[in-house]
Amino acid sequence: LQTMSGNEDDWLALKPQEPSPSQCCGSGCKPCIYDLYEKELAQWERARAKQDKSLLMEKKEQSNNSELNPDTFTAFSISSVEQLTEDTYQYKFELPGNGSLRLSLGQHIVLRGMVNGLEVQRAYTPISPGNAEGYFEVIIKCYEAGLMSQYIKTWKKGDVVFWRGPFGGFPYRPNKHGELLMLASGTGLAPMLPILQSITDDEEDETFVTLVGCFRTFDKIYLKPLLQNLARFWNVRIFYVLSQESSLEKLPWSYQENTYIGRLNEDLMKTIINSCRRRPFVLICGSSAFSEDMSRYLEAAGIDEKSCFVF
């Protein structure tokens, strides 16, 4: 009997743990972490019924290869850390053997972090082109009280972190839309960049793009050189809306004519839509409050939700 209960403890120790709400990134991933838990639990129950622990081994082997996978987390090593603003960082990850993540446009990947023994998962969109070889890059804003931020702030070059994916994405086809209006708040810029770069890289793609980046102050705009470079293309316009800047005069003159002070409200939305060269299809990325506000302003400007995509 003694061995039986000892054995039972062993099995209980191997039982997969039900995810806590903090582990679900809320982005509607397929498979979601809860789907994976159900799958692992069923596997555990089968193995326990047969008293065969080797049946639990299959999921351990997958994560050693360096291919991104939606079902299991894969280890990637950090090759550089660059601070962009006081709270926003750009991280570059190594892909062994010049591999590529092969993401389609605007797809996100899910990061797993451990904070005080608690597992947290969050979704981020790489800003590097989907076919970039040997690396991928992610921009992350760290929040003072954020659980995941506490983990991310400890990262340094050479550390190994775990990602799974890819998920989501915007099914973009060249020339499908006359004009894309991109509304991005802060790090919501991330999924817009690969789409924008794919348009400027393709000489056959004549889609107009109007990108509106909402930031608190001029200092908080990151990747300025990249954005300035993209704005040089004949079919790209970039506007900035700065909610906490006091006046345009403090800004470099090259920014003054395409920057608005204040918030992106209903009136400004109408102004921007009226200035579009064709009827726009709208992409939105930011906090849920930002997305709700934008949808409301767009509706008031006569753009229906069939012409919008929210990341």
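Starting afresh in each chain, residues are numbered from 1 along the sequence in its written order. Two thresholds apply to this predicted model, a pLDDT of at least 70 for residue-level local features and 80 or more for giving and counting side-chain atom pairs, whereas whole-chain, interface and lining totals are computed over all residues. Side-chain calculation: all heavy atoms of the structure are included, whereas hydrogens and water are not.

- By the naming in an unreviewed UniProt entry, the protein chain is NADH-cytochrome b5 reductase-like, taken from Centropus bengalensis.
- UniProt positions are given in the numbering used here, feature names are shortened, and annotations may be inferred rather than shown by experiment. What UniProt states about the protein chain under its Cofactor (unreviewed entry) heading is, verbatim, "FAD".
- In UniProt, the protein chain has this text filed under Catalytic activity (unreviewed entry): "2 Fe(III)-[cytochrome b5] + NADH = 2 Fe(II)-[cytochrome b5] + NAD(+) + H(+)".

1. Some remarks on the UniProt feature "binding site: FAD" (unreviewed entry) in the protein chain
- Cross-referencing UniProt, the feature "binding site: FAD" (unreviewed entry) maps to Arg 122, Tyr 124, Ile 139, Lys 141, Met 148 and Ser 149 in the present numbering. Taking the farthest pair of C-alpha atoms as the criterion, the annotated set spanning 28 residues converges on one region, since that pair is 13.7 Å apart.
- The topology assignment puts Lys 141 in strand 5 (residues 135-141).
- Two residues form a contact once any of their heavy atoms are found within 4.5 Å. Beyond its immediate sequence surroundings of up to four residues, Lys 141 is in contact with Asp 87, Thr 88, Ser 149, Thr 187 and Arg 216.
- By definition, any uninterrupted DSSP run of H or I lasting at least four residues is a helix, any uninterrupted run of E lasting at least two residues is a strand, and each is numbered from the N terminus. Position of Ser 149 relative to the elements: it lies in helix 4 (residues 147-152).
- With relative accessibility at 5%, the residue Ser 149 sits in the buried group.
- Beyond its immediate chain neighbours, meaning those up to four positions away, Ser 149 contacts Lys 141, Cys 142 and Tyr 143. A 1.4 Å probe rolled over the protein chains alone gives each residue an accessible area, and that area as a share of the maximum for its type sets the label: buried under 20%, exposed over 50%, partly exposed in between.

2. Section: the UniProt feature "domain: FAD-binding FR-type" (unreviewed entry) in the protein chain
- In the numbering adopted here, UniProt assigns the feature "domain: FAD-binding FR-type" (unreviewed entry) to residues 71-173.
- Taken end to end, residues 71-173 has its terminal C-alpha atoms 27 Å apart, with 6% of it in helix and 46% in strand.

3. Details of the packing of aromatic side chains
- By convention, a stacked pair of Phe, Tyr or Trp rings (six-membered ring in the case of Trp) has centres within 6.5 Å and planes under 30 degrees apart, an edge-to-face pair has planes over 60 apart, and any other such pair is tilted. By the definition in use, this model includes 18 aromatic pairs.
- Ring centres of Phe 218 and Tyr 255 lie 4.8 Å apart, and the angle between their planes is 80°; this geometry places the pair in the edge-to-face category. In this pair, Phe 218 sits in the loop between strand 8 (208-215) and helix 6 (224-230) while Tyr 255 sits in helix 7 (residues 253-256), placing the two residues 37 residues apart along the sequence.
- Note on Phe 218: relative accessible area 14%, which makes it buried.
- Judged by centre distance (5.5 Å) and plane angle (50°), the rings of Tyr 240 and Tyr 255 are tilted. In this pair, Tyr 240 is assigned in strand 9 (residues 236-242) and Tyr 255 in helix 7, connecting sequence segments 15 residues apart. No difference in accessibility class separates Tyr 240 from Tyr 255, as the two residues are buried.

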